[in-house]
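Survey of secondary and tertiary structure
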Amino acid sequence: MTSVQVDDSKDGPGGPGGPGGSVGTKAPAATADNQGYHRTLGARQIQMIAIGGAIGTGLFLGAGKGISKAGPSLILAYAIAGVVIFFIMRALGELLMYRPVAGSFSEYAREFVGPFAGFATGWTYWLFWVVTGMTEVTAAAEYMTYWFDLPQWISALGFTIVLYLANLISVKIFGELEFWFSMVKVTAIVGMILICAGIITLGFTDAGDTASFSLLWSDGGFFPKGLGGTLMTLQIVMFAFLAVELVGVTAGESKDPEKTLPKAINTVPWRIAVFYVGALIMILSVVSWTNFRPGVSPFVAAFDQMGLQIGAGIVNFVVLTAALSSCNSGMYSTGRMLRDLALNSQGPKLFTRLTKHGTPLIGTTFSAGLMLIGVWINYQWPGDAFNKIVSFATISGMWAWIMILVSHIRYRAKVARGEVAESSFKAPGAPWTSWFALAFIGMVIVLMGIDKDARISLYVAPLWALVLGVSYLVLRSKNPEGAAFAKR
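On a predicted model such as this, the values are computed, not experimentally measured, just so you know. (Residues numbered from 1 in each chain as written. Predicted model: local features only at pLDDT ≥ 70, side-chain atom pairs only at ≥ 80, totals over all residues. Heavy atoms only, no water.)

For the rest of this paragraph, the subject is the overall build of the protein. Of the regular secondary structure elements, the protein holds 20 helices and 2 strands. A buried classification covers 60% of the 488 residues belonging to the protein. When contacts within the protein are restricted to residue pairs at least 6 apart in sequence, long-range pairs at least 24 apart make up 81% of them. If you sum the accessible surface of the protein, you get close to 18400 Å²; carbon and sulfur atoms cover 68% of it. (Helix = DSSP H or I, 4+ residues; strand = E, 2+ residues; numbered from the N terminus. Buried < 20%, exposed > 50% of the residue type's maximum accessible area, 1.4 Å probe, protein only. Contact = heavy atoms within 4.5 Å. Areas by Shrake-Rupley, 256 points an atom, 1.4 Å probe, with all protein chains shown as cover.)

Below is the structure:
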């Protein structure tokens, strides 16, 4: 198979991939096959992509700031936010089993909310991963200086090229990279949990004399900064979970989406319980929360308290892996989002082009190029201007969650009216769970506005909304088909 230019009418209104078929029949499970993608991601890879999406630098580095602000009650914040994330993922899962497509939540927003919603969601999620890729590849280059005296731009360029080629050659290579990146993160967390358990029960290392579960409430109580301090950490916690929805983008390239995706989504509760709640319980039972500082990894602090000097090197390797994993995910998702927009006449047609292996050629190349430009900008102007752009990542990532939930609520209403097929993977408690998750996200956005360090993200959002609005008006004037494609 050679590179192809896919006709956007194939999955247009009334096409085989659209929901315009007979009401009451099951939506076609192989919709994405009609888009030219290859279903080569197996269950093992999908599971690890799902796990990796929930574990990143937000835990390995960002949790230190959360602990300093809320103390042990950060554990409760992760647990509550984890329930909300599960509601979001089950809502996404129901939509995925209704119609598993590569465009995922951008497609659902387009169908159930409106053409502008799909347009805004696709381009916003694309920008989210481009900005995230810029920061993560820069961070990866900084982590490399721990071992090697290399100019950061060399490492950043090398990482970007390697990940770009891996994503361009085959989606299976992307899946394998994510599998091993996630394996490193999982191994690190499980290893830390086991070490802490050994210290608490057997008393070895320098921390053995003071290690106890009582540390969770003995230094100022479980809420040492009050309930307000715990609430103010919710935006840090939600940021840590950004990218958990990435598993939805893989729907069009999963070998057996009706089996692998529900299984991956249903593991969300135990992943959060073990990797976030469990890890923090063990770490804070070995090291008092008063020893943690913003910008210092809780893993490094724990290793230092244990007297294990190898801790910094281990954590540096893990966060390097986490950064590369995030950049790898960005390479993958940006190409798919751009192609979905192009297939629906909401982006340049050249983004529909695929390689012979079924990977988005132009979209991935364009996004990788922007990531490199971002590295250069960060190198030249590492100050406030770049930081304001980076801060947009939080609110843009949550926009995807909002669209998933709104689309799910609209979908449920259409199912109740008998207008669309019923999904084989129903979200329990829906649509009330989706309404609850929406309200929770709204509360987090309000808290971001109160927090002076987080509100920058809200300043940038209106500027992006203005860009999207103007762009959509231009699209509607030049291409009514792209602007009208929705509510099919």
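Tallying each qualifying case throughout the model produces 23 aromatic pairs. For the ring pair Phe119 and Tyr472, a centre distance of 5.4 Å and an interplane angle of 55° mean the geometry is tilted. Here Phe119, found in helix H6 (residues 115-144), pairs with Tyr472, found in helix H19 (residues 456-478); they are 353 residues apart in sequence, far enough to count as distant. Accessibility classification places Phe119 together with Tyr472 in one group, the buried group. The interplanar angle of 85° and the centroid separation of 5.4 Å between the aromatic rings of Trp123 and Trp126 together place this pair among those described as edge-to-face. Separated by 3 residues within a single helix, Trp123 and Trp126 lie in helix H6, roughly one turn from each other. Each of the two residues, Trp123 as well as Trp126, counts as buried. Put simply, the rings of Phe105, Tyr125, Phe128 and Trp129 pair up and form one aromatic cluster. Positioned over the ring face of Phe425 is Arg90, at 4.0 Å from the centre of the ring. (Phe/Tyr/Trp six-rings, centres within 6.5 Å; stacked < 30°, edge-to-face > 60°. Lys NZ or Arg CZ within 6 Å of the ring centre and 35° of its normal.)

A word on the pattern of salt bridges. This model, assessed by the stated rule, comprises 8 salt bridges. A salt bridge links Glu111 to Arg99, with the shortest nitrogen-to-oxygen separation between them at 3.0 Å. On the criterion of sequence distance, the pair formed by Glu111 in helix H5 (residues 105-112) and Arg99 in the loop between helix H4 (74-98) and H5 is long-range, its members being 12 residues apart. Arg99 shares its class with Glu111; the two are buried. Residues Arg417 and Glu419 are paired through a salt bridge, measuring 2.8 Å at the closest nitrogen-oxygen approach. Since its relative accessible area comes to 37%, Glu419 is described here as partly exposed. (Salt bridge = Lys/Arg side-chain N within 4 Å of Asp/Glu carboxyl O.)

Detailed conclusions should not be drawn from predicted coordinates in areas where pLDDT is low. Residue-level pLDDT values for the protein average 82, and 87% of them are 70 or greater. The secondary structure element of the protein with the lowest average pLDDT is strand S1 (residues 4-5), at 26, and the one with the highest is helix H18 (residues 432-450), at 94. (pLDDT = per-residue confidence, 0-100.)

The next thing to look at is the nonpolar core. Counting residues in hydrophobic clusters, the biggest one holds 153 residues, and the most contacted among them are Tyr78, Ile85 and Trp401. Take this core: its biggest share by element is 18 residues, from H6. (Core = buried A, V, L, I, M, F, W, Y, C linked by side-chain atoms within 4.5 Å.)

Turning our attention to helix H13 (residues 268-286). Taking 1.5 Å of rise per residue, the 19 residues of H13 would be expected to cover 27 Å, and the 26 Å separating its terminal C-alpha atoms lies within 8% of that figure. The largest bend along H13 measures about 30° and falls at Gly278. Counting buried residues along H13, 14 of its 19 residues qualify, which places the element largely inside the surrounding structure. (Expected span 1.5 Å × (residues − 1). Bend = angle between axes of the 7 residues up to and from the residue.)

Together, Tyr146, Trp147, Phe148, Leu150, Trp153, Ile154, Leu157, Ile161, Leu165, Ile169, Ile173 and Phe317 line one region of the surface with nonpolar side chains, adding up to about 1100 Å² of accessible area. Within the secondary structure, Ile173 sits in helix H8 (residues 171-202). By relative accessible area, Ile173 is classed as partly exposed at 32%. (Patch = residues over 30% accessible without salt bridge, like charges linked within 9 Å, V, L, I, M, F, W, Y side chains within 5 Å.)

Another point: the packing of helix H7 (residues 152-169) against helix H16 (residues 361-380). Remark: H7 packs on H16, axes separated minimally by 11 Å, with the N-to-C direction vectors making an angle of 170°. Considering their axes alone, H7 and H16 lie roughly antiparallel with respect to each other. Residue-level inspection shows Ala156, Leu157, Thr160, Tyr164, Asn167 and Leu168 of H7 in contact with H16, the latter providing Leu361, Thr364, Thr365, Ala368, Leu372 and Val375. When its residues are assigned to classes, the contact of H7 with H16 shows 8 nonpolar, 4 polar and no charged. (Axes fitted to C-alpha atoms, helices over the stretch in contact; angles between N-to-C directions. Parallel < 35°, antiparallel > 145°, perpendicular 65-115°, else oblique. Nonpolar A, V, L, I, M, F, W, Y, C, P; charged D, E, K, R; others polar.)

This paragraph deals with helix H14 (residues 298-306). Most of H14 is tucked away, with 7 of its 9 residues classed as buried. Among the residues of H14, Pro298, Phe299, Val300, Ala301, Ala302, Phe303 and Met306 are the ones counted as buried. On its buried face, H14 sits against helix H2 (57-60), helix H3 (63-70), H8, H13 and helix H15 (311-343). One side-chain oxygen of the residue at the start of H14 lies 3.1 Å from the amide nitrogen of Phe299, identifying that residue as Ser297. The first or second residue beyond H14 is Gly307, which carries a positive phi of 80°. (Polar contact = N/O pair within 3.5 Å; in protein donor to acceptor, adjacent residues only side chain to side chain.)

Here we take up the environment of Ala302. Turning to its location among the elements, Ala302 is positioned in helix H14. Relative accessible area serves as the criterion here: at 0%, Ala302 is assigned to the buried category. Taking the C-alpha atoms as reference points, Ala302 and Met192, 110 residues apart in sequence, are found 9.0 Å from one another. Ignoring anything within four residues of it in the chain, the contact list for Ala302 reads Met192, Ile283 and Val287.

On the secondary structure map, Glu142 appears in helix H6. Taking the C-alpha atoms as reference, Glu142 lies 8.7 Å from Ala156; in sequence the two are 14 residues apart.

The subject of this paragraph is the packing of H4 against helix H11 (residues 234-241). Running from N to C, H4 and H11 point in directions that differ by 50°, and their axes come no closer than 9 Å. Taken together, the axis directions place H4 and H11 in an arrangement best described as oblique. Crossing of H4 against H11: the hand is right-handed. Here Leu74, Ala77, Tyr78, Ala81, Gly82 and Ile85 of H4 lie close against H11, whose contacting residues are Leu234, Val237, Met238, Ala240 and Phe241. For the contact of H4 with H11, the class distribution of residues is 10 nonpolar, 1 polar and no charged. (Left-handed = near helix turned anticlockwise from the far one by under 90°.)

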